[in-house]
Amino acid sequence: MKKIRLSAIALFVCVLAMVGVSCQKDGVYKPKNKISRIYTQRDGHAKILEQTWNWDKGLLSSVTYNEDNVVLNFLYDGKRLTSIVVEGEAMNFEYDGSALTRMTLSDEGELLAEYTFKHDGKLITEIETRMDASLAKGINSRLLKTAFNLVAPQMAETQLEQIAIAQESQIKGIYTYTDVLTYDGKNVISMKRHDSDQKNYEYTYTYSDNLNPFYHMLYGGEDIVGLGLSKNAVATYHYEDDVIHSRTIDLEVTFPSLDGKFPLQETRTLKTTHNVGGLTNIYSQVDHYFYEYE
C-alpha cells in the first residue's frame, strides 16, 4: 500500500475551481462544463499541472494527480458512482433511494474510516465520522480529498486536517466527530464540528455569484440528495476553534479571469492571525488556481 502521510496543513476550505451548472426544465442540475485540467501555483512557487480529469460518455472515469502519477479510477453501477479506487484502497458509496447515506474508506479490505450522512429530505444536515486513530496514518489523502471534492467540497480540506489532528494527538482507538450543517437556501453558511476528544471547531462561509464546480458533478442520471451541497462558489471563509484560543483563520477568494460565471483563474489568500498578549501576528499565503474545461 502506498501511504501518503498528511501534514498539519493550515485549515481552509473552498477547495478547487468554481465552475457553473445549468438547470434543465425538470429541475435536475447538470454540469455545464466538465473540468479537464487543474493547474496550481502555490505561494510563489512554479505553476504546475496538478490534476487531469478524464471523462467517458459523460461520466468521470479517472482523476490523475500528475506530480507523482497517482491515478484514481471511478466505478459505477449504471450511472451511479459506487467506488473510487487506487492501489488497493477504495472509497465506497452507499445510497438509500436517491440519497447518499454512507462512504467507507478501506485498504485491502480493512476499514480505515466511515462517513455517515443524515438528510432533511433535501439536503445533508449532518456527517458523522468514525475512524481508528491508529490507522489514520494509512489514509490516502488524495483519495479522501477527491471523494469530498465531489460530495462536499467545502469540507475536503477540513477532512484532511481532522485526520492530521488524529495522527498528531494522543487519541487512541476509535476517533469520532460530527459535522452539523446550516444552510441559506442551497448554500452551507456554517459547519460546527465536535469530536470525541471534546474539541469544537466552527467554520462560516460567504459566497460569490460564481458557481461551484462540483455541484452535482457526479450526476449520472439520478439526482443524488446533497451532492455538491452548495451551488455557489465560496468567497470568504472564517475558522475558529477552542483548541488554540488565540488563533483564527480567514480565506478570501477572488476570480481574476472569468468566462461568464465560470472562473478560469482563482486566487486564494489565506490569513492566520495569532493574538498573544498584546501582540498580533498575521501570516499570509497566496495560491493561484487555473482551470481548463472540456
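Residues numbered from 1 in each chain as written. Predicted model: local features only at pLDDT ≥ 70, side-chain atom pairs only at ≥ 80, totals over all residues. Heavy atoms only, no water.

## Section: the packing of aromatic side chains
Then, in step 1: Applying the stated criterion to the full structure yields 6 aromatic pairs.
Then, in step 2: Ring geometry for tyrosine 289 versus tyrosine 291: centroids 6.5 Å apart, planes at 10°, classification stacked. As far as the burial class goes, tyrosine 289 and tyrosine 291 line up, both buried.
Then, in step 3: By the ring-pair criterion, three or more aromatic residues cluster together here, those being Tyr203, Tyr205, Tyr237 and Tyr239.
Then, in step 4: Over the ring of phenylalanine 290 we find lysine 47; its NZ or CZ atom is 4.2 Å from the centre of that ring. (Phe/Tyr/Trp six-rings, centres within 6.5 Å; stacked < 30°, edge-to-face > 60°. Buried < 20%, exposed > 50% of the residue type's maximum accessible area, 1.4 Å probe, protein only. Lys NZ or Arg CZ within 6 Å of the ring centre and 35° of its normal.)

## Topic: the pairing of strand E12 (residues 174-184)
Then, in step 1: Side-chain alternation along E12 places Tyr175, Tyr177, Asp179, Leu181 and Tyr183 on a buried face and Ile174, Thr176, Thr178, Val180, Thr182 and Asp184 on a face that remains uncovered.
Then, in step 2: Sheet analysis places strand E11 (residues 124-132) next to E12, joined by 7 bridges and oriented antiparallel. Bridging across to E12, threonine 129 finds its partner in tyrosine 177.
Then, in step 3: Judged from the 8 bridges that link them, E12 and strand E13 (residues 187-195) form a sheet pairing that is antiparallel. Among the inter-strand pairings, aspartate 184 is bridged to a residue of E13, identified as asparagine 187.
Then, in step 4: Where E12 hands over to E13, the hairpin turn is made up of 2 residues, of which glycine 185 adopts a positive phi near 70°. (Helix = DSSP H or I, 4+ residues; strand = E, 2+ residues; numbered from the N terminus. Pairing = 2+ DSSP bridges.)

## Section: the confidence of the model for the chain
Low pLDDT marks regions whose predicted coordinates should not be analysed in detail.
Then, in step 1: Per-residue confidence for the chain averages 77 on the pLDDT scale, and 78% of its residues sit at or above 70.
Then, in step 2: Highest mean pLDDT in the chain belongs to strand E4 (residues 48-56) (92); lowest belongs to strand E1 (residues 21-23) (28).
Then, in step 3: Low confidence marks residues 1-31, where pLDDT is under 50. Its contacts with residues over four positions away, or in another chain, come to 121 contacts.
Then, in step 4: Under a pLDDT of 50 for its full length, residues 219-227 has, in the predicted model, 30 contacts with residues more than four places off or in other chains. (pLDDT = per-residue confidence, 0-100. Contact = heavy atoms within 4.5 Å.)

## What about the pattern of salt bridges?
Then, in step 1: With the rule as written, the count across this model stands at 11 salt bridges.
Then, in step 2: The residue glutamate 114 makes a salt bridge to arginine 102 at a minimum N-O spacing of 2.7 Å. Linking glutamate 114 in strand E10 (residues 110-119) with arginine 102 in strand E9 (residues 99-107), this pair joins segments that are 12 residues apart in sequence.
Then, in step 3: Judged by its relative accessible area of 15%, glutamate 114 falls in the buried class.
Then, in step 4: Overall, the relative accessible area of 24% leaves arginine 102 in the partly exposed class.
Then, in step 5: For aspartate 197, the salt bridge identified is with lysine 199, shortest N-O distance 3.3 Å. (Salt bridge = Lys/Arg side-chain N within 4 Å of Asp/Glu carboxyl O.)

## Thoughts on the nonpolar core
Then, in step 1: Membership of the largest hydrophobic core comes to 58 residues, with the highest contact counts inside it found for Met91, Phe93, Met103 and Tyr115.
Then, in step 2: When residues in this core are grouped by element, the largest group, 6 residues, is from helix H1 (residues 141-151).
Then, in step 3: Beyond its immediate stretch of four places on either side in the chain, methionine 103 contacts Met91, Asn92, Phe93, Ala113, Glu114, Tyr115, Phe117, Phe148 and Val151. (Core = buried A, V, L, I, M, F, W, Y, C linked by side-chain atoms within 4.5 Å.)

## Focus on unusual backbone geometry
Then, in step 1: Within the chain, lysine 57 stands out as a residue other than glycine whose phi angle is a positive 55°.
Then, in step 2: The topology assignment puts lysine 57 in the loop between E4 and strand E5 (59-65).
Then, in step 3: With phi around 55°, asparagine 69 is a residue other than glycine that occupies positive phi space.

## Digging into the pairing of E10
Then, in step 1: With 6 bridges connecting them, E9 and E10 associate as antiparallel partners. Residue leucine 105 lies in a different strand from E10, and its bridge partner there is alanine 113.
Then, in step 2: Taken together, the 7 bridges between E10 and E11 define a ladder with antiparallel strand orientation. Note on E11: the bridge partner recorded for lysine 118 is glutamate 126.
Then, in step 3: Connecting E10 to the antiparallel partner E11 that follows it, the hairpin turn spans 4 residues, and glycine 121 within it adopts a positive phi of roughly 105°.

## A word on H1
Turn by turn, an α-helix covers 3.6 residues, leaving residues three or four places apart pointing in a common direction.
Then, in step 1: For H1, the buried fraction is high: 11 of the 11 residues fall into the buried class.
Then, in step 2: For H1, the complete set of buried residues consists of Ser141, Arg142, Leu143, Leu144, Lys145, Thr146, Ala147, Phe148, Asn149, Leu150 and Val151.

## Thoughts on the environment of tyrosine 183
Then, in step 1: Note on placement: tyrosine 183 falls in strand E12.
Then, in step 2: Overall, tyrosine 183 belongs to the buried group, its relative accessible area being 18%.
Then, in step 3: Distance from tyrosine 183 to isoleucine 124, taken between C-alpha atoms, is 9.7 Å for residues 59 residues apart in sequence.
Then, in step 4: Among the polar contacts made by the side chain of tyrosine 183, one reaches the main-chain carbonyl oxygen of isoleucine 124 at a distance of 2.4 Å. (Polar contact = N/O pair within 3.5 Å; in protein donor to acceptor, adjacent residues only side chain to side chain.)

## Remarks on the environment of asparagine 275
Then, in step 1: Relative to the assigned elements, asparagine 275 resides in strand E17 (residues 262-276).
Then, in step 2: Linking asparagine 275 and histidine 245, residues 30 residues apart in sequence, is a C-alpha distance of 8.7 Å.
Then, in step 3: Residue contacts for asparagine 275: discarding those within four places in its chain leaves Ser246 and Thr280.
Then, in step 4: Here threonine 280 takes part through its side chain, which lies 2.8 Å from a polar atom of the side chain of asparagine 275.

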